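Coordinate analysis (summary)
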Amino acid sequence: MDSATPRSASALLLLLLLLLRAERSGGAELTFELPDNAKQCFHEDVEQGVKFSLDYQVITGGHYDVDCYVEDPLGNTIYRETKKQYDSFTHRAEVKGVYQFCFSNEFSTFSHKTVYFDFQVGDEPPILPDMGNRVTALTQMESACVTIHEALKTVIDSQTHYRLREAQDRARAEDLNSRVSYWSVGETIALFVVSVSQVLLLKSFFTEKRPVSRAVHS
C-alpha cells in the first residue's frame, strides 16, 4: 500500500508533465471587425515545405459572407473564394517567405461584418519524445496520455465551434429584437394617429354648423 502511493503519484506527475509539454503549432486566432467597403490583410512568415491551414467564419453582418484570398511571397494567388460564410484551406508552402491572406467586404455598401479566423502553421509536435521513431509499443501510461491529449483537442475544437455558433445566434437574436422593437414603435404611432383621426372625425359629425350671416351693402 505504501509503495503504491508514491508510484501512483509519480505516474500522475508524468502524465501532467507530458500534457503540459504538448504545444500547439504556430499561428494566430483572431476575431475582428470588417467595415463595409473595406479589406483587411494579415501576414505570416512560413518556411518552405511547412504546411499551414486557414479556417474562417463570418459571425455577424449582412448575409454572413465575405471574400477571402491567400497569396504566396511571389504574389501568386493560391486560394480565392467570394461571398463565403465559412471555409477551410490547407496548403504546403512551396517557397519561403511572407504569405498574405486577406478578407474583403468591398462588395457590401452598408453591412458591417465580424469575422473569425484560425491560421495555423506547421504540424503539431508529438506529445511524446521520439514518438514517430519508436519501435516498441506504448506503455499504458503513454497510451493514456495520447488518448487524453486527443480528447482535449476535440474538446477545444468543439468549444470553438459552439462559441462561434453562440455568438452568431446572439447577433441574430439581437437584430431580430431590434426589428421587433422598431415595428412595435411604428405600430404604436400608427394606432395613435388613427385614434386621434377617428376622434376628430366623429367630433366633426356632431358639431353644429352655424350659418354665416353676410351684411348687404346698399
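Described below are features of the structure shown in this document.

About the cut-offs
- Residues numbered from 1 in each chain as written.
- Predicted model: local features only at pLDDT ≥ 70, side-chain atom pairs only at ≥ 80, totals over all residues.
- Heavy atoms only, no water.
- Pairing = 2+ DSSP bridges.
- Helix = DSSP H or I, 4+ residues; strand = E, 2+ residues; numbered from the N terminus.
- Axes fitted to C-alpha atoms, helices over the stretch in contact; angles between N-to-C directions.
- Buried < 20%, exposed > 50% of the residue type's maximum accessible area, 1.4 Å probe, protein only.

1. Considering the sheet that holds strand β4 (residues 66-71)
Strand order in the open sheet formed by four strands is β2-β7-β4-β5, with antiparallel pairing between adjacent strands. Each edge of the open sheet is held by one strand with a lone partner, namely β2 (39-46) and β5 (77-84). Sheet twist, expressed as the average angle between the axes of neighbouring strands with direction ignored, equals 10°. Where β4 and strand β7 (residues 97-104) come together, five bridges link them in antiparallel fashion. What sits directly across from C68, in β7, is F103.

2. Structural notes on the pairing of β4
Burial analysis of β4 places six of its six residues in the buried class, the great majority of the element. Because side chains alternate across β4, one face comprises the buried residues V66, C68 and V70, and the other comprises D67, Y69 and E71, equally buried. Linking β4 to β5, which pair antiparallel, is a turn of five residues; within it G75 sits at a positive phi near 90°.

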